[in-house]
Amino acid sequence: AQSVTQLGSHVSVSEGALVLLRCNYSSSVPPYLFWYVQYPNQGLQLLLKYTTGATLVKGINGFEAEFKKSETSFHLTKPSAHMSDAAEYFCAVRFSSGSARQLTFGSGTQLTVLP
Amino acid sequence: DGGITQSPKYLFRKEGQNVTLSCEQNLNHDAMYWYRQDPGQGLRLIYYSQIVNDFQKGDIAEGYSVSREKKESFPLTVTSAQKNPTAFYLCASSQGVGGLALEQYFGPGTRLTVT
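As a starting point, this report considers the structure included with it. (Residues numbered from 1 in each chain as written. Chains lettered and ligands numbered in written order. Predicted model: local features only at pLDDT ≥ 70, side-chain atom pairs only at ≥ 80, totals over all residues. Heavy atoms only, no water.)

### Brief notes about the overall build of chain A
Next, step 1: When helices and strands are tallied, chain A shows 0 helices and 12 strands.
Next, step 2: When the helices and strands of chain A are read in sequence order from the N terminus, they spell out β-β-β-β-β-β-β-β-β-β-β-β.
Next, step 3: The C-alpha radius of gyration computed for chain A amounts to 14 Å, which stays within 12% of the reference 13 Å derived for 115 residues, consistent with globular compactness.
Next, step 4: With respect to the principal axes defined by its C-alpha atoms, chain A has extents near 45 × 30 × 20 Å.
Next, step 5: Each of the 115 residues in chain A was classed as buried or not, and the buried ones make up 43%.
Next, step 6: Taking the contacts inside chain A whose residues are at least 6 apart along the sequence as the reference set, 57% of them involve residues at least 24 apart.
Next, step 7: Carbon and sulfur atoms provide 52% of the accessible area of chain A, an area that totals close to 5200 Å². (Helix = DSSP H or I, 4+ residues; strand = E, 2+ residues; numbered from the N terminus. Rg over C-alpha atoms; globule rule 2.2 N^0.38 Å. Buried < 20%, exposed > 50% of the residue type's maximum accessible area, 1.4 Å probe, protein only. Contact = heavy atoms within 4.5 Å. Areas by Shrake-Rupley, 256 points an atom, 1.4 Å probe, with all protein chains shown as cover.)

Now the structure itself:
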């Protein structure tokens, strides 16, 4: 079955440190990949997406992600964490064989930024 | 401003009552979705609609109903048959037809509490 796995339900980093949030998917066909951010009691906001082309994708708020087909991964990074980055992050995948409209979401990673 | 509105932000109901959550979009998007979010479980798809007067069940449709009488509106009714209705409900929409639909845009959510 096609699935999305986010390793680590909670990640803590110090302000100014590297942020690395992991996402792996299971599919033999490269899918479309997304990262969303959710602040408390709010909806999800799109951070970045990979569809085709360059495998390193830059998004908003200084985040970027790299699609690695051989590793079936799409990890999210930011060189220097800011207090305002504290939120929950969701990886989402649109599998090619699935419905044209549906996304499969990972279970989320809560990012805490320590002063 | 274009976007998705959900109302109300917070909703309280007694057990055994049906309740309808509103979702309106002015993005002129074809597709609309309803998700349920519970802590630690990510987002689960309840229903989705690709066109007016048509909708499909998602992964957890039991105890819920929807309608799509207008392109911009996709209300969700949580019926008394839903065994555990307390959750955060998110509405989303996406543009495109066929295989072109990509990212989904989310509303701010409605937190439903049933006692």
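### Comments concerning the packing of aromatic side chains
Next, step 1: Counting across every chain of the model gives 13 aromatic pairs over all chains.
Next, step 2: Ring centres 6.4 Å apart and planes at 25 degrees place the aromatic pair Tyr 25 of chain A and Phe 67 of chain A in the stacked group. Of this pair, Tyr 25 of chain A sits in strand β4 (residues 24-26) while Phe 67 of chain A sits in strand β8 (residues 64-68), and the two are 42 residues apart along the sequence. Just as Tyr 25 of chain A is buried, Phe 67 of chain A falls in that class too.
Next, step 3: Both rings, one in Tyr 36 of chain A and one in Phe 106 of chain B, keep their centres 5.5 Å apart while their planes meet at 80 degrees; by these two values the pair is edge-to-face. Taken together, the residues span two chains, with Tyr 36 of chain A in strand β5 (residues 32-38) and Phe 106 of chain B in strand β10 (residues 105-106). (Phe/Tyr/Trp six-rings, centres within 6.5 Å; stacked < 30°, edge-to-face > 60°.)

### Things to note about the sheet that holds strand β1 (residues 4-7) of chain B
One key point about sheets: their strands pair by backbone hydrogen bonds, in either a parallel or an antiparallel sense.
Residues and elements named next belong to chain B.
Next, step 1: Spatially, β1-β3-β8-β7 is the arrangement adopted by the 4 strands of the open sheet, whose pairing is antiparallel. Looking at which strands have only one partner, the edges of the open sheet turn out to be β1 and β7 (64-66). This sheet shows a mean twist of 20 degrees between the axes of neighbouring strands, independent of strand direction. (Pairing = 2+ DSSP bridges. Axes fitted to C-alpha atoms, helices over the stretch in contact; angles between N-to-C directions.)

### Brief notes about the pairing of strand β3 (residues 19-25) of chain B
Residue and element names in this part refer to chain B.
Next, step 1: Burial along β3 is one-sided: Val 19, Leu 21, Cys 23 and Gln 25 are buried, and none of Thr 20, Ser 22 and Glu 24, which face the opposite way, are.
Next, step 2: Across 4 bridges, β1 lies against β3 in antiparallel orientation. Note that in β3 the partner of Ser 7 across the bridge is Ser 22.
Next, step 3: With 3 bridges joining them, β3 and strand β8 (residues 76-78) adopt antiparallel strand pairing. In the strand pairing of β8, Val 19 is matched with Val 78.

Keep in mind these numbers describe shape, not what the thing actually does.
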